[in-house]
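What the coordinates show
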Amino acid sequence: MFLALLVCGLVVALVVIGLFVFGLRRRLIQRAGGTFDCSLRWNIPDEPDPTGKGWVYGVARYSGDEIAWFRVFSYSPRPRRVLERASIVALERRMPEGEEELALLSDAVIQPCMYEGVRLELAMSEDARTGFMAWLEAAPPGQRVNVA
């Protein structure tokens, strides 16, 4: 009986520690400021895929001329993707279709982009998209603005 209680206590402690580490990691990512919730779908076909497959929930953080994108459900302190402003070409936004509405946050709009020849989509709130587009257009003098 004692062994079963000890094992259950250890499992509960590991779950609590795991959740604490998730929260601490997110807090450290957001500490630098300039973060927003942003789902990402990488290397997608040219035509929209309304099945909702491939979306990964994450947090994006502005860092100078880059956006660092972190997976939410990960323990890694490093970003999964780093997108440089000069290489991002924003395409025309779209609304979630079909099963995408279930895979994304309720108020999300989808911003398709090209990044170094790879098509990707970012799903974020309308306010975050406005900030993203302003950040893209606010490139330093001499850099081209990549908004299609």
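Residues numbered from 1 in each chain as written. Predicted model: local features only at pLDDT ≥ 70, side-chain atom pairs only at ≥ 80, totals over all residues. Heavy atoms only, no water.

Taken in spatial order, the four strands make up an open sheet running β1-β3-β4-β5, and their pairing is antiparallel. At either margin of the open sheet sits one strand with a lone partner, and together these are β1 (35–37) and β5 (81–84). Neighbour-to-neighbour, the strand axes of this sheet turn through a mean angle of 20 degrees, independent of strand direction. Direction of pairing for strand β4 (residues 66–71) relative to β5: antiparallel, over a ladder of four bridges. (Pairing = 2+ DSSP bridges. Helix = DSSP H or I, 4+ residues; strand = E, 2+ residues; numbered from the N terminus. Axes fitted to C-alpha atoms, helices over the stretch in contact; angles between N-to-C directions.)

Bringing the pattern of salt bridges into the picture now. For the coordinates displayed, the defined rule picks out seven salt bridges. Its salt-bridge partner being Arg41, residue Glu100 comes within 3.0 Å of it at the nearest N-O pair. Here Glu100, found in helix α2 (residues 100–103), pairs with Arg41, found in strand β2 (residues 39–42); they are 59 residues apart in sequence, far enough to count as distant. On the accessibility criterion, Glu100 (0% relative accessible area) is buried. (Salt bridge = Lys/Arg side-chain N within 4 Å of Asp/Glu carboxyl O. Buried < 20%, exposed > 50% of the residue type's maximum accessible area, 1.4 Å probe, protein only.)

With that out of the way, let us pick up the side chain of Arg41. On the accessibility criterion, Arg41 (3% relative accessible area) is buried. At a separation of 3.2 Å, a polar atom in the side chain of Arg41 contacts the main-chain carbonyl oxygen of Lys53. Within the structure, the side chain of Arg41 is placed 3.0 Å from the side chain of Glu100, a separation counted as a polar contact. (Polar contact = N/O pair within 3.5 Å; in protein donor to acceptor, adjacent residues only side chain to side chain.)

Another point: unusual backbone geometry. A positive phi is found at Asn43, a non-glycine position, where the angle reads about 55 degrees. Relative to the helices and strands, Asn43 resides in the loop between β2 and β3 (58–63). You can call Asn43 exposed: its relative accessible area is 58%.

This part is about the side chain of Arg85. Positionally, Arg85 belongs in the loop between β5 and β6 (88–90). A distance of 2.4 Å separates a polar atom in the side chain of Arg85 from a polar atom in the side chain of Asp65.

This brings us to the packing of aromatic side chains. The geometry of an aromatic ring pair comes down to the distance between the two centres and the angle between the two planes. Enumeration according to the criterion identifies four aromatic pairs in this entry. Relative to Trp135, the ring of Tyr62 lies with its centre 5.4 Å away and its plane at 45 degrees, an arrangement referred to as tilted. Placement of Tyr62 in strand β3 and of Trp135 in helix α3 (residues 126–137) is noted, with a sequence separation of 73 residues between them. For Tyr62, a relative accessible area of 23% gives the class partly exposed. Lying across the ring of Trp42, Arg81 places its NZ or CZ 4.0 Å from the centre. (Phe/Tyr/Trp six-rings, centres within 6.5 Å; stacked < 30°, edge-to-face > 60°. Lys NZ or Arg CZ within 6 Å of the ring centre and 35° of its normal.)

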